[in-house]
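Structural features, examined
Spelled out, the chains give:
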Amino acid sequence: MFNSNFDTLKTALDVQMKRQELHAQNIANAETPGYKKKYIAFEEYLQESKMKLKLTTTNEKHRPTFPKTVTAKQITQKSTLTNDGNNVDIDMEVTEMVKDALRYQVLSRLMSANIDRYNTVIRNTR
């Protein structure tokens, strides 16, 4: 019933929540010797999936040429910034945390707008 925007927005909202968790984890471990920063890669995979050619299938047994959903991947940054092997920059983590919070707000507003459009169509009201 819903278009692919709902799936993409849901995935993007989930990614932003996971990013917030990882930023909090990185900040909590900023003083832990040997701790390596973790982050989520999503936009690259989303862009890559949009660029792939979509082929029409004539039978449900045909294999899809691209994944229907794009998944995010958690990556651990291997480089080090300090002598104790830790690579967390608290200032950068806080900045990224704020940016991700703003992205989450925008995505949730887009999801609400999509839902409102469907409600308008279904109920024929405004």
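Residues numbered from 1 in each chain as written. Predicted model: local features only at pLDDT ≥ 70, side-chain atom pairs only at ≥ 80, totals over all residues. Heavy atoms only, no water.

Scanning the chain from terminus to terminus reveals three helices and two strands. Tracing the chain from N to C terminus, the helices and strands come up as α-β-α-β-α. Evaluated residue by residue, the chain yields a buried proportion of 23% over its 126 residues. Considering only intrachain contacts with a sequence separation of at least 6, the fraction spanning at least 24 residues in the chain is 78%. Looking at the chain as shown, the accessible area adds up to about 9400 Å², and 54% of this sits on carbon and sulfur atoms. (Helix = DSSP H or I, 4+ residues; strand = E, 2+ residues; numbered from the N terminus. Buried < 20%, exposed > 50% of the residue type's maximum accessible area, 1.4 Å probe, protein only. Contact = heavy atoms within 4.5 Å. Areas by Shrake-Rupley, 256 points an atom, 1.4 Å probe, with all protein chains shown as cover.)

Examined against the element boundaries, N86 turns out to sit in the loop between β2 (73–76) and α3 (90–123). A polar contact of 3.0 Å, which involves the side chain of N86, links it to the backbone oxygen of N29. (Polar contact = N/O pair within 3.5 Å; in protein donor to acceptor, adjacent residues only side chain to side chain.)

Here we take up the side chain of N87. In this fold, N87 is placed in the loop between β2 and α3. There is a polar contact of 2.6 Å between the side chain of N87 and the backbone nitrogen of K37.

Let us now look at the pattern of salt bridges. Counted according to the given criterion, the structure contains five salt bridges. Linking K37 and E93 is a salt bridge whose minimum nitrogen-to-oxygen distance equals 3.7 Å. With K37 in the loop between α1 (4–28) and β1 (38–41) and E93 in helix α3, the pair connects residues that are 56 residues apart, well separated along the chain. Pair check on accessibility: K37 and E93 agree, each one buried. Note that K99 and E96 form a salt bridge whose closest N and O atoms lie 3.1 Å from each other. With K99 and E96 both in helix α3, this residue pair falls three residues apart, about one helical turn. Taking the relative accessible area as the measure of exposure, K99 reaches 36% and is therefore partly exposed. Here E96 falls in the partly exposed class, since its relative accessible area comes to 24%. (Salt bridge = Lys/Arg side-chain N within 4 Å of Asp/Glu carboxyl O.)

By size, the foremost hydrophobic cluster in this structure holds 10 residues: F6, L9, A12, L13, V15, L22, I40, F42, L107 and M111. If you list the elements that add at least two residues to this core, you get α1 and α3. With six residues, the single largest contributor to this core is α1. (Core = buried A, V, L, I, M, F, W, Y, C linked by side-chain atoms within 4.5 Å.)

With 34 residues, α3 extends 49 Å between its outermost C-alpha atoms, agreeing within 8% with the 50 Å of an ideal straight helix rising 1.5 Å per residue. Regarding α3, the residues found buried are E93, D100, L107, M111 and N114. Of the residues trailing α3, N124 is marked for its positive phi of about 55 degrees. (Expected span 1.5 Å × (residues − 1).)

Moving on to a nonpolar patch on the surface. On the surface, a nonpolar cluster with roughly 320 Å² of combined accessible area is contributed by I90, V94, V98 and L102. By the element assignment, L102 lies in helix α3. (Patch = residues over 30% accessible without salt bridge, like charges linked within 9 Å, V, L, I, M, F, W, Y side chains within 5 Å.)

Of the residues in the chain, 75% have a pLDDT of 70 or more, and the chain-wide mean is 80. Within the chain, the lowest mean pLDDT, 56, falls on helix α2 (residues 43–51), and the highest, 90, falls on α3. (pLDDT = per-residue confidence, 0-100.)

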